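Listed below are the residues making up each chain.
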Amino acid sequence: MKPVSLRELAQHLGAKLVGDGELMIQSVSTLSRAGKGQISFLSNSKYRSQLADTSASAVILGEDDLPHCPCAALVLDNPYVGFALVAQLMDTTPAAADSISPNAVIADDAVLGEGVVIGANAVIEAGVVLGDKVQIGAGCVIGRNSRIGARTKLWANVTLYHDVEIGEDCLLQSGAVIGADGFGYANDRGRWIKIPQLGRVILGNRVEIGASTTVDRGALEDTILHDGVIIDNQCQIAHNVVIGENTAMAGCSVIGGSTRIGRNCTIGGLSAITGHVEIADNVHFTGMSMVTKGVTEPGLYSSGLPSQSSKEWRKAVANVRNLDKLGQRVKVLEKKCAERD
């Protein structure tokens with residue numbers, strides 16, 4: 001990465017520059033580890049103590065933290081967003097592939113846009129369309145008639161089943177599986193009869209899918225993740241789910257079939273949302289939430305219990321087991337009180 005002057009970074013961010021604008025910045029780092037030629041950030045005042053001792057050449061921070069800064073600074077209302085933008089600008093992550101490998105298997109009728117790269121042992125099946133500058137990592141499988149939009153990047157060993165549609169500027173991490181069969185079966189006197197999953201998976205633009213995450217295809221209609229959705233590692237999204245724009249889902253969470261999630265929602269890690277419910281826009285679930293019914297009002301929702309000592313937990317469980325008896329006693333007392341009145 002070619003060094004960039006602090007003045008250029010300030011212009012890129014629209015930030016107020018404090019200090020020497022000719023300082024050359026080569027990379028980003030944390031406050032505690034940054035050195036000469038590096039830029040860091042402070043977005044949480046509880047780390048202000050690290051600011052005084054930093055060896056960074058410059059720091060991205062808010063106006064309130066500026067008096068405590070011992071070096072040059074870029075001042076923004078949201079320093080964390082500023083850091084993200086600078087990190088993007090100075091990103092050194094390699095491409096998923098650097099050419100079309102002679103070991104890739106590409107169907108004769110596949111359509112490849114300009115600048116497409118495909119890694120070794122990837123398989124591009126019949127009817128596939130890849131947009132300009134798409135990156136396909138080693139070992140990926142792109143199923144029949146799937147379409148991938150411009151500048152989308154698939155790391156190694158991503159699997160797209162047939163008829164999957166992915167928009168532009170998406171990112172799929174290794175091991176992601178898009179378009180596997182949804183869990184659809186009918187029970188005939190104890191024998192499971194498989195229901196063919198005939199829908200598709202459609203991912204909008206700027207969608208990101210984490211490593212080893214699965215998005216199942218629809219049974220009859222499509223599974224849809226709209227623009228800007230971000231999904232963490234090891235998540236499960238069942239058939240016919242629809243997720244609205246810019247919703248984020250943290251690791252190891254699951255969404256049951258035919259559930260609809262609104263726009264701008266956040267789903268904390270290890271959460272489980274049952275099937276066939278609807279979640280409104282701007283709903284936020286904390287980690288380990290168990291969602292068993294729809295949510296119609298925006299806001300913050302929780303259901304996971306905080307950890308406690310085993311002794312306290314055993315007492316709490318014992319009390320829960322006695323709730324029915326306690327309820328019966330309360331009813332008896334209420335009846336006696338009513339008779340006295």
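Going along each chain's sequence as written, the residues are numbered from 1 onward. Two thresholds apply to this predicted model, a pLDDT of at least 70 for residue-level local features and 80 or more for giving and counting side-chain atom pairs, whereas whole-chain, interface and lining totals are computed over all residues. In computing side-chain properties, one takes all heavy atoms of the structure into account and sets aside hydrogens as well as water.

Enquirer: Got a sec to walk through the overall build of the protein? Specific residues and values, please.
Expert: A tally of helices and strands in the protein yields five helices and 38 strands. For the protein, whose C-alpha radius of gyration is 26 Å, the value lies well above the compact-globule estimate of 20 Å for 341 residues. Projected onto its principal axes, the C-alpha positions of the protein cover 85 × 65 × 35 Å. Every one of the 341 residues in the protein was classed for burial, and the buried ones make up 40%. For the protein, the share of sequence-separated contacts (at least 6 apart) that also reach a separation of at least 24 residues comes to 18%. Element-wise, carbon and sulfur atoms account for 51% of the exposed surface of the protein, whose accessible area totals about 18900 Å². Mean positive and mean negative side-chain charge positions of the protein (31 and 36 charges, respectively) differ by 12 Å. Labels follow the DSSP assignment, with helices taken as runs of H or I lasting at least four residues and strands as runs of E lasting at least two, numbered in each case from the N terminus. In this setup the radius of gyration rests on C-alpha atoms only. A globule is expected at 2.2 Å times the number of residues raised to 0.38. Each residue is placed in one exposure class: buried if its accessible area under a 1.4 Å probe, protein chains only, is under 20% of its type's maximum, exposed if it is over 50%, and partly exposed if it falls in between. The contact criterion used throughout is that any non-hydrogen atoms of two residues lie within 4.5 Å. Every accessible area reported is derived by Shrake-Rupley at a probe size of 1.4 Å, with residue values counting cover from the shown protein chains alone. The charge count treats Lys and Arg as positive and Asp and Glu as negative. His and the chain ends do not count. Taken as the charge centre is NZ of Lys, CZ of Arg, CG of Asp or CD of Glu, depending on the residue.

Enquirer: Outline the sheet that holds strand β31 (residues 254–255), listing residues and values.
Expert: Spatially, 10 strands are ordered β8-β11-β14-β17-β20-β25-β28-β31-β34-β37 in an open sheet, and the strand pairing comes out parallel. Both edges of this open sheet fall to β8 (105–106) and β37 (290–291), since each of them pairs with a single strand only. Pairing of strand β14 (residues 141–142) with strand β17 (residues 159–160), which is carried by two bridges, proceeds in the parallel orientation. When the bridges of β17 are listed, valine 141 appears paired with threonine 159. Criterion used throughout: strands pair if DSSP finds at least two bridges between them.

Enquirer: So, the pairing of strand β22 (residues 191–194): which residues are in play, and what are the values?
Expert: In this sheet, β22 lies alongside strand β21 (residues 185–188) in antiparallel orientation, the contact comprising four bridges. If you follow aspartate 188 over to β22, its bridge partner there is arginine 191. Remark: two residues form the turn of the hairpin made by β21 and β22, two consecutive strands paired antiparallel; arginine 189 in that turn has positive phi of roughly 50°.

Enquirer: Quick one: what's the story with the side chain of serine 57, residue by residue and with numbers?
Expert: Mapped onto the secondary structure, serine 57 falls in the loop between α2 (48–53) and β6 (58–61). For serine 57, a relative accessible area of 13% gives the class buried. Here a polar contact means two N or O atoms within 3.5 Å. Within protein one must be a hydrogen donor candidate and the other an acceptor candidate, and residues neighboring in sequence count only if both atoms are side-chain atoms. Only 2.7 Å separates the side chain of serine 57 from the backbone nitrogen of glycine 37, close enough to count as a polar contact.

Enquirer: Requested: an account of the layout of surface pockets, with residues and values cited.
Expert: The volume enclosed by the largest pocket comes to roughly 550 Å³. Sorting elements by how many residues they give to the lining of the largest pocket places helix α3 (residues 79–89) first, with five residues. The nonpolar class holds Ala, Val, Leu, Ile, Met, Phe, Trp, Tyr, Cys and Pro. Asp, Glu, Lys and Arg form the charged class, and all remaining residues, Gly among them, are polar. In the lining of the largest pocket, the residues fall into nine nonpolar, three polar and five charged. Estimated volume of the second largest pocket: approximately 160 Å³. Only protein atoms enter the 1 Å grid used here, on which a cavity is any set of points holding a 1.4 Å probe that cannot leave and a pocket is any open set flanked by protein within 12 Å on both sides along at least five of seven lines; residues with an atom within 4 Å of a point are listed as lining. Lining the second largest pocket are Phe285, Ser289, Met290, Val291, Thr292, Lys293, Gly294, Val295, Tyr301, Ser302 and Ser303. Classifying every residue of the lining of the second largest pocket by side-chain character gives five nonpolar, five polar and one charged. Grid points are joined across faces, edges and corners, and a volume is the space filled by probe spheres set on the points.

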